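# Structure at a glance
Listed here are the chains, written in short residue letters.
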Amino acid sequence: MRALIIIDMQVDFCPGGALAVAGGDEIVDPINAMMGDYDAVVLTQDWHPADHSSFAESHPGAAPFSTVTMDYGPQVLWPAHCVIGSAGAAFHPGLAVDRADLIVRKGLRRGIDSYSAFRENDRATPTGLAGYLREWGADDLHFVGLAHDFCVAWSAMDARHFGFDATVIEPATRAIDLNGSRDAARRAMQDAGVNLA
Ligand code: VGL
Ligand code: ZN
């Protein structure tokens, strides 16, 4: 059984948003067109409290896009984005949200970020998504959305960790590409057994 996992197609990750990914809005229509080809469709939604520890604003003197060490490991500090209930946290208005079987919110806890749809950045705390997919009988997961080199890549690699087949449909993604992160993510995904299509 095949599921489409659509990562973080939100206003703040599209041009004009707080953490805009170049061309992020270009993939809305292609993603909508793919939904009918799958047995199940899952949306993820980055959903942070206003004082989230992944925000540069929460670290006096720290610059956006710098890296700090948290107790769970390195963490990039982002401009504040996808604040719970804000206009920027909403899904892109063109996304066919009504067709989703499940919406998974992530990054809700102040002290820890969650790039992956499956586990928070401590790589230990589960979101529950693996359980849903297993109970549905899903074995083949296809990933699209934003951003290729962070939330899409971490989600696809975690899918492999939890025993699913994982494919990233690269034309239906866009990357932040911070210091070569796009190429690094592609290599890491290939090493983890993720198919790049
Ligand atoms: C993301 C950085 C911070 C993503 C989310 O969706 O790739 N990136 N929060
Ligand atoms: Zn985030």
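The structure presented is a predicted model; accordingly, all values stated were derived computationally and were not measured. Just so you know, the residues in each chain are numbered from 1, in the order the chain's sequence is written. For this description, chains carry letters from A and ligands carry numbers from 1, given in the order in which they are written. Given that this is a predicted model, residues contribute local features only at a pLDDT of at least 70 and side-chain atom pairs are listed and counted only at 80 or more, while totals for whole chains, interfaces and linings are drawn from all residues. The basis for the side-chain values is all heavy atoms of the structure; hydrogens and waters are excluded.

## Regarding the coordination of the zinc ion (ligand 2)
- For Na, K and Ca the donor cutoff is 3.2 Å, while for all other metals N, O and S atoms must lie within 2.8 Å; water is not among the atoms, so some sites may look incomplete. Summarising the metal site, the zinc ion (ligand 2) is bound by the protein donors Asp-46 (OD), His-48 (NE2) and His-81 (NE2), whose distances to it range over 2.0 to 2.2 Å.
- When four donors show all angles between 85 and 135 degrees the site is tetrahedral, when four or six donors have opposite pairs over 155 degrees and all other angles between 65 and 115 it is square planar or octahedral respectively, and in every other case it is irregular. If you look at the zinc ion (ligand 2), its four donor atoms make angles of 87 to 169 degrees with each other, and the shape they trace is irregular.
- As a motif over one chain, the donors of the zinc ion (ligand 2) read D-x1-H-x32-H. Note that Asp-46 is positioned in strand β2 (residues 40–46) and His-81 in the loop between β4 (73–76) and β5 (102–106), a separation of 35 residues in sequence. Segments assigned H or I by DSSP are reported as helices when at least four residues long, segments assigned E as strands when at least two residues long, and all are numbered from the N terminus.

## Concerning the packing of aromatic side chains
- Here a Phe, Tyr or Trp ring, Trp counted by its six-membered ring, pairs with any other such ring whose centre lies within 6.5 Å, and the pair is stacked when the planes are under 30 degrees apart, edge-to-face when over 60, and tilted otherwise. Evaluated as defined, the whole model comprises eight aromatic pairs.
- Ring geometry for Trp-78 against Tyr-115: centres 6.4 Å apart, planes inclined by 75 degrees, an arrangement best described as edge-to-face. Highlighted residues: Trp-78 in the loop between β4 and β5 and Tyr-115 in the loop between β5 and α2 (129–136), separated in sequence by 37 residues.
- Using a relative accessible area of 2% as the deciding quantity, one classes Trp-78 as buried.
- Categorising residues by exposure relies on relative accessible area from a 1.4 Å probe, with only protein chains included: less than 20% of the type maximum marks a residue as buried, more than 50% marks it as exposed, and the intermediate range marks it as partly exposed. We classify Tyr-115 as buried; its relative accessible area is 5%.
- Through successive ring pairs, a cluster of aromatic residues spans Phe-65, Trp-78, Tyr-115, Phe-150 and Trp-154.
- A ring is considered to have a charge above it if a Lys NZ or an Arg CZ atom is located within 6 Å of its centre and within 35 degrees of its normal. Sitting above the plane of the Tyr-38 ring, Arg-2 keeps its charged end 4.5 Å from the centroid.

## Looking at the site of ligand 1
- Taken together, Asp-8, Phe-13, Leu-19, Asp-46, Trp-78, His-81, Leu-146, Ala-147, Phe-150 and Cys-151 make up the full set of residues near ligand 1.
- Any pair of N or O atoms that falls within 3.5 Å is considered a polar contact. Within protein, one atom must be able to donate a hydrogen and the other to accept it, and sequence-neighbouring residues count only if both atoms are side-chain atoms. In the model, a nitrogen atom of ligand 1 is placed 3.1 Å from a nitrogen or oxygen of the His-81 side chain.
- Taking Ala-147, its main chain carries an N or O atom lying 3.0 Å from an oxygen atom of ligand 1.
- In isolation ligand 1 has 260 Å² of accessible area, and contact with the protein removes 100% of it.
- Across the shell around ligand 1, the residue classes tally to seven nonpolar, one polar and two charged. Any residue with at least one heavy atom within 4 Å of a molecule or strand is counted as near it. Accessible areas in this description were obtained via Shrake-Rupley with a 1.4 Å probe; residue shielding takes into account the shown protein chains only. All amino acids are sorted into three groups, where Ala, Val, Leu, Ile, Met, Phe, Trp, Tyr, Cys and Pro are nonpolar, Asp, Glu, Lys and Arg are charged, and the leftover types, Gly among them, are polar.

Everything listed here is a matter of coordinates, which is why it stays silent on function.
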